[in-house]
Amino acid sequence: MRHLILSAALPALLMGACATAPAATEAPLSQTAERGAPPYLPRDLSPAGVAAADDHLALEQVDGAEAMAFVAEENRKSLAALTGDPRYETFRSEAQAILTATDRIPMPSFLGDGIGNFWQDATNPKGVWRRTTLDSYRTATPRWETLLDIDALSKAEGRDWVFKGADCLSPDETRCLISLSDGGKDAVVVREFDLTTKRFVDDGFRLPEGKHRIEWLDRDTLLVATDFGAGTMTESGYPFIVKTLKRGQTLAQATEVYRGEQSDGGYGVSPAVYRDRDGKVSAVIITRPLDTFRSETWQLIDGRPLRLEIPARVSVHGVLNGKLVFTAEEAWSRRGVDRKAGDLLAVGLDVLHPPTVSGDIVITNASDMIFRPEARQAVAEVRVLTDRVVVSYTDSVRGRAAVFRDRGEWGWPRTDIAMPDNLAVSLGDSSKSRGEVFVSTQGFLVPPTLSLADANAATLTTLKSAPAKFDASRDVTEQYEATSADGTKIPYFITHPRDMKLDGSNPTIMLGYGGFQISLNPAYKPEMGKLWLERGGVFVQANIRGGGEFGPDWHQAALKENRQRAFDDFAAVARDLEQRGVTSPRRLGIYGRSNGGVLTSVSITQHPELFNAAVIESPLVDMLRYQELPAGASWIGEYGDPRIPADAAFIARYSAYQQLRPGAGYPRVYLTTNTRDDRVHPGHARKFAARLGDLGYDHLYYEDTAGGHSNDADPVANARRWARHYVYLSQQLMD
């Protein structure tokens, strides 16, 4: 496979994850008992009861008249408060200079014999897809050849196109499937593009707008999972059927090769075609998600699917020498061999086949253990090459990397790649034919450096280093830990002035996420450094449970009925900052987006005494109805299912929309989302803002009309977004 995919994205100190952690605290329940039940918490927690008690359902209509009138009025008031601030224009211009700077590192992907890159700047805010040679890329001024100009395409077609990536067919990679989003939505249209002519292919492959899962099988055949008509999508709005689509066929003529169930959870069935260094197909794997994290894994053999005997919680990375390379995300026992959650394994595909009718099985003496992380470690990224894998992993939330070579029964000898200490390490695109992987490193105060790793020699060659975008000479980053309500130690990073006074007066932003096994690693955030650190602010990044900092157990410790642990962890960091004298509730603000919006909205409703600001962006907030709003049902494995009474009971304990109450002393919060967000419905933020207004709480609400969930549509618009954020935070924490 060769993909350039642009999407969201989405990072403990002295202890590892504990698989048998104590139960989550019940503190918020006792608080509820003391203060009385929240007035908006339904007595009937059934879906019908929750809907009947909701007086703002009209705001769930994305383009409804009442909803858009609400958005227009809220935007008017909020823009007056934010863009009318004398700091706004300075913040906007500084952020735009950073986001459109021409001295940024152009992040590369291998493309044919050269290098591809998607680039946005002030001249081309929608961006250009371009290529050059590796030798030219190494120079200070590469000679770029434009392949596709998204600004020009948008103008010519009268559409608000956002480039969402390209999938090019190996080995020559001259035919590509281009994904284009209208306004930044996750849903895309797909068109076939010819790199030799630099034009879309006449009568080529084209798919209408949808949340597709597509792979090249050969030059004239695609594997497609998409909306094939009525009854072919899950309740989350994702596909569960895979078909082969031949050149010249319509979707109605495609041939089915795999079918899941309409009740499947997660993000839809996905085909993956793995190839060797010469482009020959090594294996076709189909993943059928059962819920957010559990799945079935199937191999397509001669057009027929065969289920593989691997864990339900698994991350598949590729195929090497006939072996499936994967991380077991849960403990796994098979044929008398026990593996731990977090182990990186390589097992022969034939070994993973179920016994034949006659009971025959395949056995091997080849070692399947590539890497077993230690207690404070976790596998981060894996790149599968021809006879070895390159692995980035974290050790106490600090980046490391190593190469593991397949030696069959002699195991997987390891060679460490020398990395700078105390930085995050990320693996970029890889090339099997070249045996190389792009590697980037960065820290809170250290700009990114891009290198090329030679997997055979386990060496790095520096290609480019980004210049500093803010003055970090006065700052330092340290790592501390707080003690959560159940005694678990929670690590966090703090970046602050070297001469910071520990008198509680320092304006501080605390970032958190705590979900979906996503780690918050050290990252260079130039807009934050310029707009916040340079002005004396403090930045804190909390590595709470629910994330992936210590592997699967750290994540699973905060799932479903144990979600309160993530909220307790975040509150513990806030208290630790106050106890150390770093800041005080008057000067402490929090920021979270998407799942981080669950965290921040709950933090405000459970602990308004700890914070004076909250940026709650693209959030989930109404957790008793999230499964009703696209694409909420895909996250049931993370949060639980509110349609099940027992799940609704524990979700109701924290769901911020229903937990709002009068007289609680909430700070003025800033809610922001996007009309075209088709991942986290804008109704969450709208309804929360409306209910705050009902209760008489001062708040800010701003809804942009383009950009989608990823906020990647336009760097100029993104500069305005960051300016609004930091104007608000300055008003609340610095003024």
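Preceding this section is the structure that the text describes.
Residues numbered from 1 in each chain as written. Predicted model: local features only at pLDDT ≥ 70, side-chain atom pairs only at ≥ 80, totals over all residues. Heavy atoms only, no water.

Draft legend 1. The arrangement of the overall build of the protein chain in detail. Broken down by element type, the protein chain carries 16 helices and 40 strands. Against the 2.2 N^0.38 benchmark of 27 Å for 735 residues, the protein chain shows a C-alpha radius of gyration of 25 Å, consistent with a compact globule. With the C-alpha coordinates aligned to their principal axes, the bounding extent of the protein chain is approximately 70 × 60 × 50 Å. Counting the 735 residues in the protein chain, one finds 61% classified as buried. Split by element, the accessible area of the protein chain, about 27,600 Å² in all, is 49% carbon and sulfur. Positive and negative charge centroids in the protein chain, built from 84 and 96 side chains respectively, lie 2 Å apart. (Helix = DSSP H or I, 4+ residues; strand = E, 2+ residues; numbered from the N terminus. Rg over C-alpha atoms; globule rule 2.2 N^0.38 Å. Buried < 20%, exposed > 50% of the residue type's maximum accessible area, 1.4 Å probe, protein only. Areas by Shrake-Rupley, 256 points an atom, 1.4 Å probe, with all protein chains shown as cover. Lys, Arg positive; Asp, Glu negative; His and termini not counted. Charge placed at Lys NZ, Arg CZ, Asp CG, Glu CD.)

Draft legend 2. Looking closely at the state of the cysteines. Overall, the coordinates contain one disulfide when judged by the stated rule. Paired by a disulfide, Cys-168 and Cys-176 hold their sulfur atoms 2.1 Å apart. Taking the sign of the S-S torsion, about 105° here, the bridge from Cys-168 to Cys-176 comes out right-handed. (Disulfide = S-S within 2.5 Å.)

Draft legend 3. Region of the structure containing the layout of surface pockets. If you add up the space inside the second largest pocket, you get close to 340 Å³. In terms of lining residues, the second largest pocket is bounded by 17 residues, among which Arg-334, Val-347, Val-351, Thr-364 and Asp-368 are the most central. Among the elements that take part in the lining of the second largest pocket, strand E23 (residues 344-348) stands out by supplying three residues, more than any other. Within the lining of the second largest pocket, the residues separate by chemical class into eight nonpolar, three polar and six charged. (1 Å grid on protein atoms, 1.4 Å probe; cavity = no way out; pocket = protein on both sides within 12 Å on 5 of 7 lines; lining within 4 Å. Points joined across faces, edges and corners; volume = space filled by probe spheres on them. Nonpolar A, V, L, I, M, F, W, Y, C, P; charged D, E, K, R; others polar.)

Draft legend 4. Structural view of the packing of aromatic side chains. In this structure the tally under the stated criterion is 27 aromatic pairs. With 6.1 Å between their ring centres and 80° between their planes, Tyr-137 and Trp-144 make a pair best called edge-to-face. Measuring from centroid to centroid gives 5.1 Å for Phe-550 and Trp-554, while their planes differ by 85°, and the two rings are edge-to-face. Put simply, the rings of Phe-118, Trp-129, Phe-163, Phe-193 and Phe-200 touch in pairs and so form one group of aromatic residues. A cation over an aromatic ring shows up here: Arg-191 above the ring of Phe-200, its NZ or CZ 5.1 Å from the ring centre. Geometry around Phe-228 places Lys-243 over its ring, the cationic atom sitting 4.4 Å from the centre. (Phe/Tyr/Trp six-rings, centres within 6.5 Å; stacked < 30°, edge-to-face > 60°. Lys NZ or Arg CZ within 6 Å of the ring centre and 35° of its normal.)

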